[in-house]
Amino acid sequence: MKYMEINNFVTDFTYKSILDLGIKYLLGNKEIKEAKKSGKKIIGSFLPPIDMIYAFKNALPIFLPRLIEFEYEKYVPILNLLNKFNILKSILNYYIKNENVLLNQFFKDFDQSGYSRVFSSLIDIAANSNYYMDTCVQTRISYGAFLKYFNLVDMIIGGFEGNYCLHFAKFYERINLYKPTFYFEKPYGDENSPNTISIIDKEFNRFIKLVEKLTKEKIDEDLLINILRIQQEIRKYLILIYKLFKRGYVPLQSVALTLIHGCYVDLLSDPIFCKNKLKQLTNEIYHKYKKHELYNYKKEGIPRIIITGSPGFDPALPSIFQNAGASLLYLDLFQSAKDSKFKLDFKLSGLDLYKKFLVETNYVNGIIDLIDLWLNIAKEIEVDGILFSKSWGCRFTTPAFKILKDRANSELAIPVLGLDFYTPGENLSQVQTRIEAFIEMIKKK
Ligand code: SF4
């Protein structure tokens, strides 16, 4: 097998399911416009969970970053058509097996500079509207996206696991000046914390009343149970894929992994499609595994590095790691799926079951929960190193860097690289030099 086939994120797009998910993700803007025209209320968010919106027939949830149109948007209709006739998969297979200058240039633009420009333009929109520029990149991008797609969305929800962050709260406070907003207060704690349970209970009831008023319909509890059942099935597929990471493989690379994280938030406006595609993906991966076509990175000594820290990272990072001969992995969702204690209990009503789900997926100790999650991934899949994305201005995730680094050194004896991140596309040559030195050091160990 050629090296290009082994550690190339484009390889993942030869899975038909990944192509289908990717194209549907990119069609988000168009699909939401159509749903809005047909009278649906669009409820946006920047964080999960938003799947409970599927319990309303007159509403549709949207993970707001899915509205962002990229420079290659013009290619999406043709890609969609090629994909429908199964031609796109063959083109990608050809590209991977044959060096091609034209296609090389296309993928170079596709994965790096185009992304960076789109995100910087959203930051400019926020800056021109006098948004606080002393805040983290996520909220600056999100505010720009909110203004750009303002007319498409009827209501915004936030809070949940973002409840801990003052920047996030201020971001919603600002948005609330212009759009109906619901900020879900969710304190730390688990099923042993009576106050947490009672606040989540009250907040969820308040939220349901607000959406019922917006959509002019009652919540359908059967639909709520149904969505939890779909989520449960999706978690089963994620756990199966994660098992291969534990055995030293990289069944999916960072670009496809980021796509799956994005799809999981709003289930792409179509939960059944999303669930079926993840089932198909699991089958496609295991088919390749059984035919011994998956490459074992552990055995071949290709370093596997996990990304931790702030969820925002420069879109150029996967390629920089790839060029340095390593693989960058984003596995938070896979580990959370594995750790989930949630079980469907059909004795409960839909509302009570969903509240139970919210309690059982809650942070118990705040940032320490995330540090434990990252260290668990590092330990379980035996990573060679950890990248910590230090988002400038972040007062919640970034301060965890020192604790994570100390614990990774003492508990797992693996190195941690901290990279500062202010605006996409900035200081890339310096970032590249640091990553190359980090991978070199790991290879020499
Ligand atoms: S990156 Fe940090 S500061 Fe920004 S919203 Fe997330 S937790 Fe808050």
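Note that the structure is a prediction, hence the values are computed from the model and not measured.

> Explain the overall build of the protein chain to me, and be specific about the residues and the numbers.
Helix and strand counts for the protein chain stand at 19 helices and eight strands. Relative to its length of 445 residues, the protein chain is compact, with a C-alpha radius of gyration of 21 Å against a globular reference of 22 Å. Projected onto the principal axes, the alpha-carbon positions of the protein chain cover approximately 60 × 50 × 50 Å. Out of the 445 residues belonging to the protein chain, those deemed buried represent 40%. Once local pairs closer than 6 in sequence are excluded, the contacts in the protein chain between residues at least 24 apart make up 77%.

> Help me get a handle on the sheet that holds strand 5 (residues 304–309), residues and values and all.
Taken in spatial order, the four strands line up as 6-5-7-8 in an open sheet, and their pairing is parallel. Each having just a single partner strand, strand 6 (327–329) and strand 8 (416–421) make up the two edges of the open sheet. Going across the sheet, the axis of each strand differs from the next one's by a mean of 30°, ignoring polarity.

> Hey, could you go over the site of the ligand for me, with residue numbers and the actual values?
Near the ligand the following residues occur: Cys 136, Gln 138, Thr 139, Cys 165, His 167, Phe 168, Ser 310, Ser 391, Cys 394, Arg 395, Phe 396 and Thr 397. Residue assignment for the shell around the ligand shows that the elements contributing at least two residues are helix 7 (137–148) and helix 8 (166–175). Residue composition of the shell around the ligand, by class: five nonpolar, six polar and one charged.

> Would you mind going over the pairing of strand 1 (residues 41–45) in detail, with residue names and values included?
Among the five residues of strand 1, five are classified as buried, and the element is accordingly described as predominantly covered. Burial of strand 1 is two-sided: the residues Lys 41, Ile 43 and Ser 45 facing one way and the residues Ile 42 and Gly 44 facing the other way are all buried. Where strand 1 lies against strand 2 (residues 59–63), five bridges are found, and the strand directions are parallel. By the bridge assignment for strand 2, Ile 42 is matched with Leu 60. The pairing of strand 1 with strand 3 (residues 155–159) spans three bridges and is parallel. Across the sheet, Ile 43 pairs through a bridge with Met 155, a residue of strand 3.

> Describe in detail the nonpolar core, supporting the description with residues and values.
The biggest cluster of nonpolar side chains holds 121 residues, and the ones touching the most others in it are Ile 305, Ile 306, Leu 329 and Ile 386. In terms of residue count, helix 10 (residues 221–246) provides more of this core than any other element does, nine residues in total. Filtering out sequence-adjacent residues up to four positions away, Leu 329 remains in contact with Val 250, Ser 254, Leu 257, Arg 304, Ile 305, Ile 306 and Ile 307.

> Go over the environment of Ile 197 with me, naming the residues and quoting the values.
Residue placement: Ile 197 occurs in helix 9 (residues 194–215). Expressed as a C-alpha distance, the spacing of Ile 197 and Ser 17, which sit 180 residues apart in the sequence, is 38 Å. Ile 197 has contacts with Glu 191 and Val 359, leaving out every residue within four places of it along the chain.

> Hey, could you go over the sheet that holds strand 4 (residues 181–184) for me, with residue numbers and the actual values?
Taken together, four strands build an open sheet; the order of strands is 2-1-3-4 and the sheet is parallel. With one partner strand each, in any of the chains shown, strand 2 and strand 4 form the two edges of the open sheet. Here the strands of the sheet are splayed against their neighbours by 25° on average, with no regard to which way each runs. Pairing analysis gives four bridges linking strand 3 to strand 4, with the strands arranged parallel. If you follow Ile 156 over to strand 4, its bridge partner there is Thr 181. Against the sheet, helix 9 touches strand 1, strand 2, strand 3 and strand 4, its axis set at about 165° to strand 4.

> Tell me about the environment of Tyr 295, and name the residues and values.
When you line up the elements, Tyr 295 lands in the loop between helix 12 (271–290) and helix 13 (297–300). For Tyr 295 and Lys 186, which are 109 residues apart along the polypeptide, the C-alpha to C-alpha distance reads 42 Å.

> I'd love a proper account of helix 17 (residues 367–380), names of residues and values included.
Under the 1.5 Å per step criterion, the end-to-end length of helix 17 is 20 Å for 14 residues, consistent within 8% with the ideal 20 Å. When we look at burial in helix 17, the residues that qualify are Trp 374, Ile 377 and Ala 378. All buried residues of helix 17 fall inside an arc of 100° around its axis, so they share one side. Looking at the buried residues of helix 17, the elements they touch are strand 5, helix 15 (332–339), strand 7 (385–391) and helix 18 (401–412). Residue Glu 382 follows helix 17 closely and has a positive phi angle near 55°.

> How would you explain the packing of helix 2 (residues 16–26) against helix 4 (residues 76–84) if you had to name every residue and give the values?
Contact geometry of helix 2 with helix 4 gives a least axis separation of 10 Å together with a crossing angle of 150°. The orientation of helix 2 with respect to helix 4, classified from their angle, is roughly antiparallel. Our pair here, helix 2 against helix 4, has a crossing hand that is left-handed. Counted together, Leu 19, Asp 20, Ile 23 and Leu 26 of helix 2 and Val 76, Leu 79, Asn 80 and Asn 83 of helix 4 form the full contact between these two elements. Among the residues making up the contact of helix 2 with helix 4, the classes are represented as five nonpolar, two polar and one charged.

> Go over the environment of Ile 307 with me, naming the residues and quoting the values.
As for its placement among the helices and strands, Ile 307 is situated in strand 5. Accessibility expressed as a C-beta count within 10 Å gives 24 for Ile 307, which makes it buried. Along the primary structure Ile 307 and Asn 58 are separated by 249 residues, whereas in three dimensions their C-alpha atoms are 38 Å apart. What Ile 307 contacts, discounting residues up to four positions off in sequence, is Phe 313, Leu 328, Leu 329, Tyr 330, Leu 387 and Ser 389.

> So what's going on with the packing of helix 2 against helix 11 (residues 254–266)? Which residues, and what values?
Where helix 2 meets helix 11, the axes come as close as 10 Å, and the angle between the chain directions of the two elements is 55°. For the element pair helix 2 / helix 11, the angle class is oblique. The hand of the helix 2/helix 11 crossing is left-handed. Residues Ile 18, Leu 21, Gly 22 and Tyr 25 of helix 2 lie in contact with helix 11, whose contacting residues are Ala 256, Leu 259, Gly 262 and Cys 263.

Scoring rules and cut-offs
- Residues numbered from 1 in each chain as written.
- Predicted model: local features only at pLDDT ≥ 70, side-chain atom pairs only at ≥ 80, totals over all residues.
- Helix = DSSP H or I, 4+ residues; strand = E, 2+ residues; numbered from the N terminus.
- Rg over C-alpha atoms; globule rule 2.2 N^0.38 Å.
- Buried ≥ 20, exposed ≤ 12 C-beta atoms within 10 Å, placed from the backbone.
- Contact = placed C-beta atoms within 7 Å.
- Pairing = 2+ DSSP bridges.
- Axes fitted to C-alpha atoms, helices over the stretch in contact; angles between N-to-C directions.
- Near = placed C-beta within 6 Å.
- Nonpolar A, V, L, I, M, F, W, Y, C, P; charged D, E, K, R; others polar.
- Core = buried A, V, L, I, M, F, W, Y, C linked by C-beta atoms within 7 Å.
- Expected span 1.5 Å × (residues − 1).
- Arc of directions from axis to C-beta.
- Parallel < 35°, antiparallel > 145°, perpendicular 65-115°, else oblique.
- Left-handed = near helix turned anticlockwise from the far one by under 90°.

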